[in-house]
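# Examining the three-dimensional arrangement
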Amino acid sequence: MFENMESEKSILVASTVDGYMRGERVWEGPHAGRHASQNSRNLPLICRPWRLWHRATLCFAGPRKASWRRCILGAALIVIVVVIYSFSESSHRSLLSYVLCSSLVRGRPPESLFRCNNMGNTTLPHLRVPPKTLENKLREDPKVLLFTETRYSKTGKAITNILVANRIKYKMEVLGKSLPGLTNLSRGKYGTVVFENFERYLQIDPWNRELLDKYFRDYNVGLIGFMPSHEDTQVGAKLRGFPLYVHTNMALENISLNGENPVLQLTRAGGTITDNLLGMAWTVFSPDDTTYVPIEWAYSSVPHYSEEKLITVVLDKGEFDGIQRVLFGGNLEFWLHRLLFLDAMSYLSMGRISISMDRYVLVDIDDIFVAKKGIRMTADDVMALLDSQKRLQEMVPGWKFNLGFSGKYYQNGYPEENIGDRKLLEHVDDFWWFGHMWGHTQPHLLSPKDLEEQMELNKQFAMKHNIPTDSGYGVAPHHSGVYPVHEALYDVWKKVWNVRVTSSEEYPHLHPARLRRGFIHRNIMVLPRQTCGLFTHTIFIDQYPGGRNILDVSIHGGELFQTIVFSPVSIFMTHLSNYGNDRLALYTFESVIKFVKCWTNLNLRTVPPLQLGEKYFHLFPEERDPIWGYPCADHRHLEIWAKNKSCEQLPKFLVIGPQKTGTTALYTFLAMHSAIVANYPSPETFEEVQFFNGKNYYKGIDWYMKFFPVPANSSSKFLFEKSATYFEGETVPNRVKALLPHVKLVITIIPPSKRAYSWYHHMRAHNDLTSLQYNFHEVITATDKAPRQLRTLRNKCLIPGMYAKHIERWLDFFPASQVTIIDGEELRNDPIYIMNDLQKFLNIEPFYNYTEHLRFDKRKGFFCQVIEEDKTKCLGRGKGRIYPAMNESDAKLLKEYYQPYNIALEKLLTRLDYPVPGWLEDELQ
């Protein structure tokens with residue numbers, strides 16, 4: 001602790017005394033939270049001369065004038081100190097005196113209040129497998145069918161939160177007079193059925209009850225039910241039709257699990273929970289048949305029941321009526337029920353709806369070397385970190401803390417903290433390391449050149465101090481540039497550090513945490529990052545927001561515990577200051593890992609970030625594609641988005657097609673308006689950007705925004721783009737909604753048979769080999785066994801004309817108020833009326849009088865833009881082509897083919913209160 005201290009003597013005195021006099025919190029302990037000036041009188045006796053030394057120096061250099069007595073005293077003290085320092089042995093005693101004074105005495109680390117009654121190894125229960133006769137009766141990805149009282153009910157929302165967090169598909173239904181379809185082509189849709197109010201299941205009319213129960217038996221599917229609490233206590237009320245009695249509105253304590261019941265898979269019987277049970281009014285079960293097996297039980301504080309185990313969750317094995325059920329006597333506010341709910345789904349679906357038992361946990365320690373003086377790590381803190389790491393390795397194979405450093409701030413603390421910095425580097429091989437920024441600067445604030453220089457400086461620092469540089473992992477300060485994406489960060493990351501994986505808590509949004517997902521951009525894997533309640537300011541347990549109880553609740557079944565349980569891969573963000581002072585991070589992670597090991601059968605592991613990224617996208621390949629979100633929806637995203645970017649550079653409305661329905665004419669007419677600004681043309685796709693439906697989407701938001709001019713007065717300009725290929729894209733509505741939540745959508749439609757025929761001749765005019773090789777009849781009648789090129793042309797002819805199907809998909813993401821549907825035939829025949837109506841829909845001002853700017857051109861056969869009194873500007877040569885008439889048999893075939901889609905379209909337009917086009921009425925006759 002004393003090595004290399006001689007050269008630091010002058011720094012020792014000045015830094016510490018100055019720190020005290022500035023009121024910095026460099027002395028903690030029983031008086032934690034007070035300024036040094038308030039508790040200096042409590043310093044040990046040996047420390048007081050140093051306080052006098054400071055007063056003496058203030059006599060000559062201080063800001064206030066001192067008395068002559070104080071000056072004489074100060075001068076005498078200076079002489080005495082100089083004499084003492086002239087002797088080596090005395091000098092060391094003085095140094096010892098200083099160290100005792102300057103030592104950053106920290107608050108004592110908290111001790112865990114949790115004790116597990118069952119930390120020994122247990123045999124993992126075997127997952128139930130359906131009999132071979134049932135293997136193919138459910139579809140491959142069965143959903144959960146959830147019946148709720150309303151779409152906003154509390155328990156229903158808690159259930160959906162768990163399903164979403166665990167990526168379990170579900171369908172929510174508000175129970176009404178009829179049931180949703182339970183089968184599809186003789187295969188069952190649902191692996192488990194859940195009633196948030198089990199009493200509603202008991203009250204279903206006999207016909208629907210019979211249908212539902214038959215489904216349960218035929219497909220070996222079980223039911224989960226929650227018994228509602230009642231204001232009035234009911235004692236011994238019998239459930240209608242069941243040998244089961246219930247007692248409601250019970251106050252309970254000391255809950256535990258029946259370790260012998262067959263439902264437990266994820267959940268482990270860890271002991272007895274004596275915590276306050278949230279003041280819940282419980283329902284307990286009294287079975288009168290051997291078909292019922294207790295899963296969870298408790299004791300009551302009511303004297304009559306105090307010696308009796310009361311069943312709070314019960315399994316019905318189905319011996320009574322052939323249907324297996326799990327009934328909960330309390331709701332999902334109790335954390336243990338959330339685990340049991342997952343186990344119940346797995347058990348009742350014969351393992352077809354279940355979650356993996358493997359969990360990967362990585363803890364990042366950001367801001368190594370960065371924290372302010374007085375709250376950094378000392379050598380003792382480093383040794384405590386290593387000791388904690390060893391203890392965690394006994395519970396989690398491979399556990400290592402992952403340290404992110406900014407080299408600029410190395411040796412920037414008080415002397416004892418600088419020793420801590422050096423101690424970290426002495427143990428460099430005991431940790432994983434990753435690069436922050438050299439100066440901890442947000443990347444989006446730097447030019448690409450400066451950004452590269454910053455990273456190079458940090459890399460040179462790492463090489464100088466033998467810190468590994470090949471982890472392939474990097475995290476930007478404050479998540480800047482990771483999401484929303486700053487392209488320069490990704491470029492420089494790859495160039496300097498060869499970064500292949502990073503993490504962020506911002507995608508797709510900071511809250512709620514259960515919705516955080518991963519994505520891949522520019523071949524860099526972005527993993528979801530989690531917070532654990534510890535931030536840069538969270539250093540003392542008595543100052544934890546909300547008090548220590550809030551932290552312990554998060555650990556003992558609360559948010560932190562559930563994050564690990566529900567997330568197959570968890571990366572937690574912590575900070576250097578969480579490991580000094582009260583060492584809250586060590587307390588937090590050791591405690592939560594013990595709690596997870598006590599109450600679950602999860603297999604906890606840790607692997608380096610690069611392996612973690614590969615593991616994540618192996619588990620969730622569907623998340624590889626990003627979903628770009630609207631950056632201006634959250635002030636945090638605005639703060640970490642480049643300052644030269646603006647959401648005013650995003651379009652306010654889109655013309656989404658489909659192709660060959662008049663979208664180019666509409667685009668031209670819109671661009672005539674003085675308040676409307678179209679996108680810049682693309683060298684590849686001309687007036688269309690085609691961002692949301694193809695490979696361009698992976699180029700990111702920056703690429704997309706380059707197509708839109710930034711108006712001088714953005715509030716008066718309406719940016720828009722037209723990409724007719726958006727209409728039928730399966731993923732396009734979701735992507736558009738995420739990036740442009742308020743955008744308005746313009747759809748044009750013409751007779752689908754005419755559209756298909758027009759597309760075929762469009763391809764022939766562009767010398768498409770397939771369309772030149774096959775006639776129209778061969779194209780529209782091609783089977784799925786036809787050559788791939790022919791099937792592709794067939795699909796491009798036929799699929800866009802299924803208008804109702806595609807419009808419904810858009811309406812799944814956008815309200816009808818943001819969508820307008822234009823009759824392309826009317827746009828051709830009377831564009832002035834259509835354009836006037838469209839201006840009203842878009843709320844565009846000033847009003848543009850198209851009567852003065854459009855004129856019918858007899859030669860072209862459609863309306864064109866008026867340039868001068870006697871001249872017009874029409875669309876290109878490719879527009880307005882005259883094709884040979886369609887064969888009558890082909891026309892009849894297409895009319896029959898589109899009949900169901902046209903019927904659906906007429907119903908949709910009527911429901912949306914849109915006029916039904918004349919051509920659609922003719923098609924339906």
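Before reading on, note that the structure itself is shown above.
Let us look at the structure shown here. (Residues numbered from 1 in each chain as written. Predicted model: local features only at pLDDT ≥ 70, side-chain atom pairs only at ≥ 80, totals over all residues. Heavy atoms only, no water.)

### A word on the overall build of the protein chain
A tally of regular secondary structure across the protein chain gives 30 helices and 29 strands. Counting only residues that meet the buried cut, the protein chain has 56% of its 925 residues in that class. In the structure as shown, the protein chain presents an accessible area of about 42,200 Å², 52% of it carried by carbon and sulfur atoms. (Helix = DSSP H or I, 4+ residues; strand = E, 2+ residues; numbered from the N terminus. Buried < 20%, exposed > 50% of the residue type's maximum accessible area, 1.4 Å probe, protein only. Areas by Shrake-Rupley, 256 points an atom, 1.4 Å probe, with all protein chains shown as cover.)

### What about the state of the cysteines?
Inspection of the entire model under this criterion finds two disulfides. In this model Cys 116 forms its disulfide with Cys 598; the gap between the sulfur atoms is 2.0 Å. Measuring the twist about the S-S bond at about 85°, one finds the Cys 116-Cys 598 disulfide to be right-handed. Of this pair, Cys 116 sits in the loop between helix 5 (88-102) and strand 1 (138-148) while Cys 598 sits in helix 16 (residues 584-599), and the two are 482 residues apart along the sequence. Relative accessible area serves as the criterion here: at 21%, Cys 116 is assigned to the partly exposed category. Two residues share a disulfide in this structure: Cys 632 and Cys 647, whose sulfurs sit 1.8 Å from each other. Between Cys 632 and Cys 647 the disulfide shows an S-S torsion of about 100°. By sign, it is right-handed. Here Cys 632, found in the loop between helix 17 (609-619) and helix 18 (635-639), pairs with Cys 647, found in the loop between helix 18 and strand 22 (653-657); they are 15 residues apart in sequence, far enough to count as distant. Classification of Cys 632 by relative accessible area gives partly exposed; the value is 24%. (Disulfide = S-S within 2.5 Å.)

### Comments concerning the pairing of strand 4 (residues 187-195)
Along any regular strand the residues' side chains alternate between the sheet's two faces. In terms of burial, strand 4 is largely enclosed, as seven of its nine residues are buried. Two elements, strand 3 (residues 183-184) and strand 4, share two bridges in a ladder whose sense is antiparallel. Its bridge partner lying in strand 4, Asn 184 is registered against Arg 187. Taken together, strand 3 and the strand that follows it, strand 4, pair antiparallel across an intervening segment of two residues, in which Leu 185 is found at a positive phi of about 55°. Where strand 4 and strand 5 (residues 222-226) come together, four bridges link them in parallel fashion. By the bridge assignment for strand 5, Val 194 is matched with Ile 224. (Pairing = 2+ DSSP bridges.)

### Quick notes on helix 25 (residues 788-798)
Along an α-helix, residues three or four apart share an orientation, since each turn contains 3.6 residues. Every buried residue belonging to helix 25 is among Leu 790, Leu 793, Arg 794, Cys 797 and Leu 798, and all of these are buried. One face of helix 25 carries all of its buried residues, which in axial projection span an arc of 120°. Those residues of helix 25 hidden inside the fold are in contact with helix 22 (752-765), helix 23 (769-773), helix 24 (776-780) and helix 29 (888-911). (Arc of directions from axis to C-beta. Contact = heavy atoms within 4.5 Å.)

### Side note on the pattern of salt bridges
By the definition in use, this model includes 31 salt bridges. Among the salt bridges present, the one from Glu 487 reaches Arg 522, with a minimum N-O distance of 2.5 Å. Residue Glu 487 is found in helix 13 (residues 487-497), and its partner Arg 522 is found in the loop between strand 18 (519-521) and strand 19 (524-531); the two are separated by 35 residues along the sequence. The buried category is assigned to Glu 487, whose relative accessible area is 12%. By relative accessible area, which is 29% here, Arg 522 ends up partly exposed. Between Lys 796 and Glu 728 there is a salt bridge; the shortest N-O distance is 3.5 Å. Of this pair, Lys 796 sits in helix 25 while Glu 728 sits in the loop between strand 24 (718-722) and helix 21 (732-739); the two residues are 68 residues apart in sequence, bridging distant segments of the chain. (Salt bridge = Lys/Arg side-chain N within 4 Å of Asp/Glu carboxyl O.)

### Some points on the packing of aromatic side chains
Two measures describe an aromatic ring pair: the distance that separates the ring centres and the angle between the ring planes. Here the structure, examined in full by the defined rule, presents 54 aromatic pairs. Plain terms: the ring middles of Trp 282 and Phe 334 are 5.6 Å apart, the flat faces sit at 75° to each other, and that makes the pair edge-to-face. Placement of the pair is Trp 282 in strand 10 (residues 282-287) and Phe 334 in the loop between strand 13 (325-328) and helix 9 (335-348), with a sequence separation of 52 residues. Under the relative-accessibility criterion, Phe 334 is labelled buried at 3%. Above the face of the Tyr 201 ring, Arg 209 is positioned so that its terminal group lies 4.2 Å from the ring centre. One cation-aromatic arrangement involves Lys 373 over Tyr 414; the distance from NZ or CZ to the ring centre is 5.7 Å. (Phe/Tyr/Trp six-rings, centres within 6.5 Å; stacked < 30°, edge-to-face > 60°. Lys NZ or Arg CZ within 6 Å of the ring centre and 35° of its normal.)

### Quick look at helix 6 (residues 154-165)
With 12 residues, helix 6 extends 17 Å between its outermost C-alpha atoms, agreeing within 8% with the 16 Å of an ideal straight helix rising 1.5 Å per residue. Those residues of helix 6 lying buried are Thr 155, Gly 156, Ala 158, Ile 159, Thr 160, Ile 162, Leu 163 and Ala 165. Remark: Arg 167 follows helix 6 within two positions and exhibits a positive phi of approximately 55°. (Expected span 1.5 Å × (residues − 1).)

### Notes on the pairing of strand 24
In terms of burial, strand 24 is a largely internal element, five of the five residues being buried. The alternating pattern of strand 24 places Phe 718, Phe 720 and Lys 722 on one face and Leu 719 and Glu 721 on the opposite face, and all of these are buried. Bridge count for strand 22 against strand 24 is three bridges, and the pairing is parallel. Residue pairing for strand 24: Leu 654 is matched across the bridge by Glu 721. Across three bridges, the pairing between strand 23 (residues 676-678) and strand 24 is parallel. Residue Ile 676 lies in a different strand from strand 24, and its bridge partner there is Phe 718.

### Comments concerning the nonpolar core
Counting 168 residues, the largest nonpolar core has Phe 341, Phe 401, Tyr 579, Phe 691, Phe 692, Tyr 704 and Val 736 as its most contacted members. Looking at this core, the element that brings in the most residues is helix 16, giving 11 residues. Apart from residues lying up to four places away in sequence, Tyr 704 is in contact with Leu 650, Pro 651, Leu 654, Val 689, Phe 691, Phe 692, Glu 721, Leu 739 and Leu 740. Core analysis: the second largest hydrophobic core is formed by 30 residues, Leu 138, Val 221, Leu 223 and Leu 327 among them. (Core = buried A, V, L, I, M, F, W, Y, C linked by side-chain atoms within 4.5 Å.)

### A word on the sheet that holds strand 23
If you trace the five strands from one edge of the open sheet to the other, you get 23-24-22-25-26, paired in parallel fashion. What marks the edges here is a single partner per strand, and that holds for strand 23 and strand 26 (819-823). With direction set aside, neighbouring strand axes in the sheet form an average angle of 25°. (Axes fitted to C-alpha atoms, helices over the stretch in contact; angles between N-to-C directions.)

### Focus on the packing of helix 9 against helix 15 (residues 559-566)
In contact at an axis separation of 11 Å, helix 9 and helix 15 are set at 10° when each is read in the N-to-C sense. Put simply, helix 9 runs roughly parallel to helix 15. In this structure, helix 9 uses Trp 335, Arg 338, Leu 339 and Leu 342 to contact helix 15, whose residues at the interface are Phe 561, Gln 562, Val 565 and Phe 566. Classifying every residue of the contact of helix 9 with helix 15 gives six nonpolar, one polar and one charged. (Parallel < 35°, antiparallel > 145°, perpendicular 65-115°, else oblique. Nonpolar A, V, L, I, M, F, W, Y, C, P; charged D, E, K, R; others polar.)

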